[in-house]
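# Residue-level structural notes
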Amino acid sequence: MLRMLKFFPDQVARHWGQIGYWIEQALPPILDSRKSSDRMNNILESILVGRMDVHLFLVYEDEKPIIYAAITTAIISPVDGGDKELYVYSLYGSRQISKQILYEGLELIKKYAKSVGCSTITAYTNAEGLKALFKSIGGNSSFTYLRLEI
């Protein structure tokens, strides 16, 4: 059974070497790679002050955690008072992920989004598998922008 575990800022700071690597490997495709000098420091700061969250997706096998993915998210509140959205900033898979695990992970993200008052999940991706998954469940996957109403 897949579980979603939130890392708190102090945990992120202690494990920044690994978490920072995961984030850097999965940076959104909309970012300009030429402006990367302070990017990782800015991301770490955003996590430490609570503007972004880090979660791990894992399965326990023989009481040992097996990490499948790491995800960073931010809650976006529109200035016009509209519904909040959960923006998936980065998603890093640390191993081959089956469709079942993908669906379980998406259900966990949806539950989390609802629990923090969001009505949509959005992301940018260049991963064809994620684009196909969102399209198959009624999400918009054009232009590598993903949006799912929950």
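Above this note sits the structure.
Report follows, based on the coordinates. Everything numeric in this text was worked out from a predicted model, so none of it was measured.

## Regarding the overall build of the protein chain
Secondary structure assignment for the protein chain yields five helices and six strands. For the protein chain, the N- to C-terminal ordering of α and β elements is β-α-α-α-β-β-β-α-β-α-β. For 150 residues, the compact-globule formula gives about 15 Å, and the C-alpha radius of gyration of the protein chain, at 15 Å, lands near that figure. The dimensions of the protein chain, computed from C-alpha atoms along their principal axes, are 40 × 35 × 30 Å. Taking all 150 residues of the protein chain together, 39% fall into the buried category. Contacts spanning at least 24 positions in sequence make up 58% of the contacts within the protein chain whose residues lie at least 6 apart. Of the roughly 9,000 Å² that the protein chain leaves accessible, carbon and sulfur atoms contribute 51%. For the protein chain, the distance from the average position of its 17 positive side-chain charges to the average position of its 16 negative side-chain charges is 3 Å.

## As for the pattern of salt bridges
Any two side chains of opposite charge can pair if their charged atoms end up close together. Under the definition given, this model contains six salt bridges. Among the ionic pairs, Arg14 bridges to Asp10, the shortest N-O distance being 3.3 Å. One end of the pair is Arg14 and the other is Asp10, both in helix α1 (residues 9-14) and four residues apart, which spans about a single turn. Assessed through its relative accessible area of 57%, Arg14 is described here as exposed. For Asp10, a relative accessible area of 46% puts it in the partly exposed group. For Glu149, the salt bridge goes to Arg147, with nearest N and O atoms at 3.1 Å. Residue Glu149 is classed as exposed on the basis of its relative accessible area of 53%. Using a relative accessible area of 30% as the deciding quantity, one classes Arg147 as partly exposed. Put simply, Glu85, Arg147 and Glu149 are held in one network by salt bridges that share partners.

## Considerations on helix α2 (residues 16-25)
Every buried residue belonging to α2 is among Trp16, Ile19, Gly20, Trp22 and Ile23, and all of these are buried. Looking straight down α2, one finds that the buried residues subtend no more than 160° of arc, so they occupy a single side. Looking at the buried side of α2, the elements it contacts are β1 (3-7), α1, α3 (39-48), β2 (53-61), β3 (64-76) and β4 (84-93).

## A few points about the side chain of Asp53
Mapped onto the elements, Asp53 comes out in strand β2. At 2.8 Å, the side chain of Asp53 forms a polar contact with the side chain of Tyr112.

Cut-offs used in this document
Residues numbered from 1 in each chain as written. Predicted model: local features only at pLDDT ≥ 70, side-chain atom pairs only at ≥ 80, totals over all residues. Heavy atoms only, no water. Helix = DSSP H or I, 4+ residues; strand = E, 2+ residues; numbered from the N terminus. Rg over C-alpha atoms; globule rule 2.2 N^0.38 Å. Buried < 20%, exposed > 50% of the residue type's maximum accessible area, 1.4 Å probe, protein only. Contact = heavy atoms within 4.5 Å. Areas by Shrake-Rupley, 256 points an atom, 1.4 Å probe, with all protein chains shown as cover. Lys, Arg positive; Asp, Glu negative; His and termini not counted. Charge placed at Lys NZ, Arg CZ, Asp CG, Glu CD. Salt bridge = Lys/Arg side-chain N within 4 Å of Asp/Glu carboxyl O. Arc of directions from axis to C-beta. Polar contact = N/O pair within 3.5 Å; in protein donor to acceptor, adjacent residues only side chain to side chain.

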